[in-house]
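The residues making up each chain are set out below.
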Amino acid sequence: MNAVMQDGFGRQIDYLRMSVTDRCDFRCVYCMAKNMTFLPRQQVLTLEELQRLATLFVGLGVRKIRLTGGEPLIRPSIVGLCRNIAALPGLRELVMTSNGSQLGRLARPLVDAGVKRMNISLDSLDGQKFRAITRIGDLDQVLNGIEAARDAGFERIKLNCVVMKGRNFDEVPALVQYAIDQRIDISFIEEMPLGDVGRSRGESFCSSDEVRALIASQHRLLDSTENSGGPARYVRLERHPETRIGFISPNSHNFCGSCNRVRMTVEGKLLLCLGQDDALDLRGLLRRYPLDDQPVINAVQKALRGKPLRHDFSPEGEVQIVRFMNMSGG
C-alpha cells in the first residue's frame, strides 16, 4: 500500500517543489532585488542532503517533485542529482522549472537523466524588454534553449509568463502565438507579493481575468478540466488543440482549497504555504540525525498538520512576505 501524506484539513500532499539553489544568472524584477545577497555555502543543503530528503518525501507519499531555484541548472552536478531522484521507486515524475539559459547544453542530458517535463520562464519576445525584465538576460540564449528542449524530447514543455502592466501585458497575444508555433503550452501568472523588489507591485498588477479576456478577443477558448498536478487552470484553443493555455491566479482566484504541495528552500526550510511564514527546519534535523530518518519523518508529519488553510495574497500586490521568490523554491 502506498504511503499517503495529509495535512490537518484532509488535503493529500503528493507534490514537493524543491529548490536546489538560491542563485540565478538572471535578476528578474518580480523575483529578486537588483543587488541580491546569496546564502553562504555552509547554509545550503548538500547534494547528499537533497537526495536524502527527496528519498524521504517519496517514501512518505510524494509522487511528483519539481526542481527549482533560483536557476536550478547552475547548480553543479544537477544532472546527476536528477538521475538519482528520477530513479526513486514510487516517484511518478521528476519535472523542472528553468529560465532556459542553460538548456542549450543540458536539455538532452536532463531528458536522459529522467526529467519528464520542463517549464521555461519567458516574459517577453522583445530583446530590450526581456533584458529590462531579467536585468541581465539574453533572449536569444533562452529561445535557443527552448528549441534545444523541444529537440531533446521532454514529454511536455510549458512556458511561464509573469504578466505585468506597463512591461509585457501587450505581448500576451504574441506569446500565445509563439506557443502555438512551437506546439507547446503556456501559462500566464499573476505576480506574487514576495520580497521587496524596489517598486510598487500594485501599479503593474494584472489579473488572470484580464489576460484571458485579451486572449479571448483573438481565439475561441474551450474550458478544460485538465490538471497537471499544479495550480494552473487550463483552457484549450479551438483552432490549435495541441497548445494549452494555463492561468495561475494566486491573487484573484486562489487555489488553496485543492493545495497538494509543499516547498523546500535550498537552506532546508519546509514551507507549508507559499504565502505564509510557517516553516520547518529540515537542515537542522538532517544534521542532528545524520543516520536516522525517523525524527525527520515525525517532524514533517507533525508540521503538515499545521499547514495553513490558505494564503492571504492581495490583488493590490504589495509585499506581504519578505522572503524573495528565489528563496521560496519557485
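In this text, all values refer to a predicted model and were calculated from it rather than measured experimentally.

Definitions and limits used
Note that residues are indexed from 1 along each chain, following the sequence as it is written. Where totals are concerned, whole chains, interfaces and linings use all residues; where local detail is concerned, this predicted model gives features only for residues with pLDDT of at least 70, and gives and counts side-chain atom pairs only at 80 or more. Only hydrogens and water are set aside when side-chain values are computed; all heavy atoms of the structure are taken into account. Each helix is a run of H or I in the DSSP string that is no shorter than four residues. Each strand is a run of E no shorter than two, and both are numbered from the N terminus. Only protein chains enter the area calculation, which uses a 1.4 Å probe; residues under 20% of their type maximum are buried, those over 50% are exposed, and those in between are partly exposed. Contacts were defined at the residue level, with two residues in contact if any of their heavy atoms lie within 4.5 Å. Note on areas: these come from Shrake-Rupley sampling with a 1.4 Å probe, and a residue is covered only by the protein chains present in the view. UniProt positions are given in the numbering used here, feature names are shortened, and annotations may be inferred rather than shown by experiment. Criterion for a disulfide: a pair of cysteine sulfur atoms at a distance within 2.5 Å. Among the buried residues, those of types Ala, Val, Leu, Ile, Met, Phe, Trp, Tyr and Cys that are joined through side-chain atoms within 4.5 Å form a nonpolar core.

Asks: Which parts of the structure should I look at to understand the overall build of the protein chain?
Replies: Secondary structure assignment for the protein chain yields nine helices and twelve strands. Expressed as a percentage of its 330 residues, the buried residues of the protein chain come to 60%. Look at the contacts in the protein chain between residues 6 or more apart in sequence, and 74% of them connect residues 24 or more apart. Total accessible area computed for the protein chain in this model is approximately 13900 Å², and 48% of it derives from carbon and sulfur atoms.

Asks: Please explain the UniProt feature "binding site: GTP" (unreviewed entry) in the protein chain as it appears in this structure.
Replies: Those places that UniProt annotates as "binding site: GTP" (unreviewed entry) correspond, in this numbering, to Arg17, Arg66, Thr97, Lys158, Arg261, Val262 and Arg263. Examined against the element boundaries, Lys158 turns out to sit in strand 5 (residues 156-163). With sequence-adjacent residues up to four places away left out, Lys158 is seen in contact with Met118, Asn119, Ile120, Asp185, Ile186, Ser187 and Tyr234. By the element assignment, Arg261 lies in strand 10 (residues 261-264). According to the relative accessible area criterion, Arg261 is buried, its value standing at 4%.

Asks: It is not clear to me how the state of the cysteines should be interpreted in this structure. Could you clarify?
Replies: As used here, a disulfide is simply a covalent bond connecting the sulfur atoms of two cysteines. What the rule picks out here adds up to zero disulfides. Cys24 takes part in no disulfide bond, and the closest cysteine sulfur to it belongs to Cys28, at a distance of 6.2 Å. For Cys161, which is in no disulfide, the shortest distance to another cysteine sulfur is to Cys206 and amounts to 9.5 Å.

Asks: Whenever I open this one, helix 9 (residues 294-304) confuses me. Can you help?
Replies: Along an α-helix, a turn takes 3.6 residues, which lines up residues three or four apart on a common side. Listed as buried for helix 9 are Pro295, Val296, Ile297, Ala299, Val300, Ala303 and Leu304. Against the buried residues of helix 9 lie helix 1 (47-60), strand 10, strand 11 (269-271), strand 12 (279-281) and helix 8 (282-288).

Asks: Before we go on, may I ask you to explain the nonpolar core in this structure?
Replies: Within soluble globular proteins, side chains that are nonpolar tend to cluster in buried spots. Judged by nonpolar contacts, the single largest core of 98 residues is most densely connected at Phe57, Ile65, Leu67, Leu110, Phe154, Phe188 and Leu282. It is helix 1 that contributes the most residues to this core, seven residues altogether.

Asks: Is there a simple way to think about the environment of Val266 in this case?
Replies: Residue position: Val266 is located in the loop between strand 10 and strand 11. Along the chain, Val266 and Thr68 lie 198 residues apart, while their C-alpha atoms are 9.4 Å from each other. Among all residues touching Val266, those that are not within four sequence positions of it are Ser19, Val20, Thr21, Asp22, Leu39, Gln43, Val44, Leu45 and Arg75.

Asks: Honestly, unusual backbone geometry in this entry has me stumped. Any pointers?
Replies: Apart from glycine, the bulk of residues carry a negative phi angle, and the bulk of peptide bonds sit in the trans form. A cis amide bond links Gly69 to the next residue, Gly70, at an omega of 5°. Relative to the helices and strands, Gly70 is located in the loop between strand 2 (64-68) and helix 2 (78-86). Within the chain, Arg135 stands out as a residue other than glycine whose phi angle is a positive 70°. Counting through the fold element by element, Arg135 comes out in the loop between helix 4 (127-134) and helix 5 (139-152). With a relative accessible area of 23%, Arg135 lands in the partly exposed category.

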